[in-house]
Amino acid sequence: SQQGEEDPQALSIQEGENATMNCSYKTSINNLQWYRQNSGRGLVHLILIRSNEREKHSGRLRVTLDTSKKSSSLLITASRAADTASYFCATAPPNSGYALNFGKGTSLLVTP
Amino acid sequence: DAMVIQNPRYQVTQFGKPVTLSCSQTLNHNVMYWYQQKSSQAPKLLFHYYDKDFNNEADTPDNFQSRRPNTSFCFLDIRSPGLGDAAMYLCATRPSRGGANVLTFGAGSRLTVL
């Protein structure tokens, strides 16, 4: 079953600009992850934020988590054309065993 | 490099003709997953294995079956593909301990049904 919902569905920006994507989820979580998918390829893990963390950084990525609002955001700073991809959040609901559910994703286009 | 390898990358089949997709991993991960991803949609979990313990999602059609003969290999069998089964099929793995629940994905197998 689907857990996360990303918005916007699509985002188009120019190189050098920042890109912000949001994810909302429905149940409590232990952690939330963001993945990236280049066109026609598998998903690649970007970053994980635990439920007791509010913000996490990795290179040009910044993730925030608000468990009271059940939402997360992914910020990509100083975007590059190579950042063009779809970005998905993923959560594991309680008692889901090893299942990991993905949202619908945000399609990011970065133009030179 | 340790990785997850899916074959074939592209599969074309006829309506109703059985298809098998394969996934192999060199990561020695206990848990393996099969996801279905239709165009511009979220990956949808079909099933996952913890070692040989099989877990079927409640809404996975009976048309989809899976086998895991050993730790390294996992197969997805589509017994009678319909037009609605055209999708990217993604295999993923994770260790049962450590690494939180971070998944490593293969490049996917794109299925076309004629």
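Please refer to the structure placed before this passage.
About the criteria used
- Residues numbered from 1 in each chain as written.
- Chains lettered and ligands numbered in written order.
- Predicted model: local features only at pLDDT ≥ 70, side-chain atom pairs only at ≥ 80, totals over all residues.
- Heavy atoms only, no water.
- Pairing = 2+ DSSP bridges.
- Helix = DSSP H or I, 4+ residues; strand = E, 2+ residues; numbered from the N terminus.
- Axes fitted to C-alpha atoms, helices over the stretch in contact; angles between N-to-C directions.
- Salt bridge = Lys/Arg side-chain N within 4 Å of Asp/Glu carboxyl O.
- Buried < 20%, exposed > 50% of the residue type's maximum accessible area, 1.4 Å probe, protein only.
- Polar contact = N/O pair within 3.5 Å; in protein donor to acceptor, adjacent residues only side chain to side chain.
- Contact = heavy atoms within 4.5 Å.
- Buried area = accessible area lost by both parts, 1.4 Å probe.
- Nonpolar A, V, L, I, M, F, W, Y, C, P; charged D, E, K, R; others polar.

Undergrad: Would you explain the sheet that holds strand S3 (residues 19-24) of chain A in this entry?
TA: As a general point, the strands of a sheet are linked pairwise by backbone hydrogen bonds and lie either parallel or antiparallel. All names here are of chain A. Here we have 5 strands laid out as an open sheet, ordered S1-S3-S8-S7-S6, and antiparallel in their pairing. Edge positions in the sheet fall to strand S1 (5-7) and strand S6 (55-58), since each has one partner strand and no second. Pairwise comparison of adjacent strand axes, ignoring direction, gives a mean angle of 20 degrees for this sheet. Pairing between S6 and strand S7 (residues 61-66): 4 bridges, direction antiparallel. Across the sheet, residue Lys56 finds its bridge partner in S7, namely Val63.

Undergrad: Just checking my understanding: could you explain the pattern of salt bridges for this structure?
TA: Side chains that differ in sign of charge can pair as their charged atoms come close. Counted under the stated rule, the structure contains 5 salt bridges over all chains. Across the pair A:Asp83 and A:Arg60 runs a salt bridge whose closest N-O atoms are separated by 2.9 Å. With A:Asp83 in the loop between strand S8 (71-76) and strand S9 (85-91) and A:Arg60 in the loop between S6 and S7, this residue pair connects regions lying 23 residues apart in the sequence. With a relative accessible area of 23%, A:Arg60 lands in the partly exposed category. For B:Asp59, the salt bridge is made with B:Lys44, and the minimal N-O distance between the two is 3.4 Å.

Undergrad: So what exactly am I meant to see when it comes to the side chain of A:Arg36 here?
TA: All names here are of chain A. Its location among the elements puts Arg36 in strand S4 (residues 31-37). In this structure Arg36 comes out as buried when scored by relative accessible area, which is 18%. Here Asn38 takes part through its side chain, which lies 2.9 Å from a polar atom of the side chain of Arg36. For Arg36, the side chain forms a polar contact with the main-chain oxygen of Ala82, separated by 2.6 Å. Setting aside its immediate chain neighbours within four residues, Arg36 contacts Gly42, Leu43, Val44, Leu46, Ala82, Asp83, Thr84, Ala85, Ser86 and Tyr87.

Undergrad: Could you clarify how one ought to interpret the interface of chain B and chain A in this entry?
TA: Much of the literature gives interface size as the accessible area that the parts lose upon coming together. At the interface, 24 residues of chain B touch 21 residues of chain A. Both faces combined, the contact of chain B with chain A buries some 1700 Å², and carbon together with sulfur accounts for 55% of it. Seen at the junction of chain B and chain A, the total is 0 salt bridges. Across the contact surface, chain B and chain A share 7 residue pairs in polar contact (both at pLDDT 80 or more). Residue assignment for the side of chain B that touches chain A shows that the elements contributing at least two residues are strand S4 (31-37), strand S5 (44-50) and strand S9 (87-94) of chain B. With 4 residues, the top contributor of residues to the side of chain B that touches chain A is S4(B). Of the residues assigned to the side of chain B that touches chain A, the class counts are 14 nonpolar, 6 polar and 4 charged.

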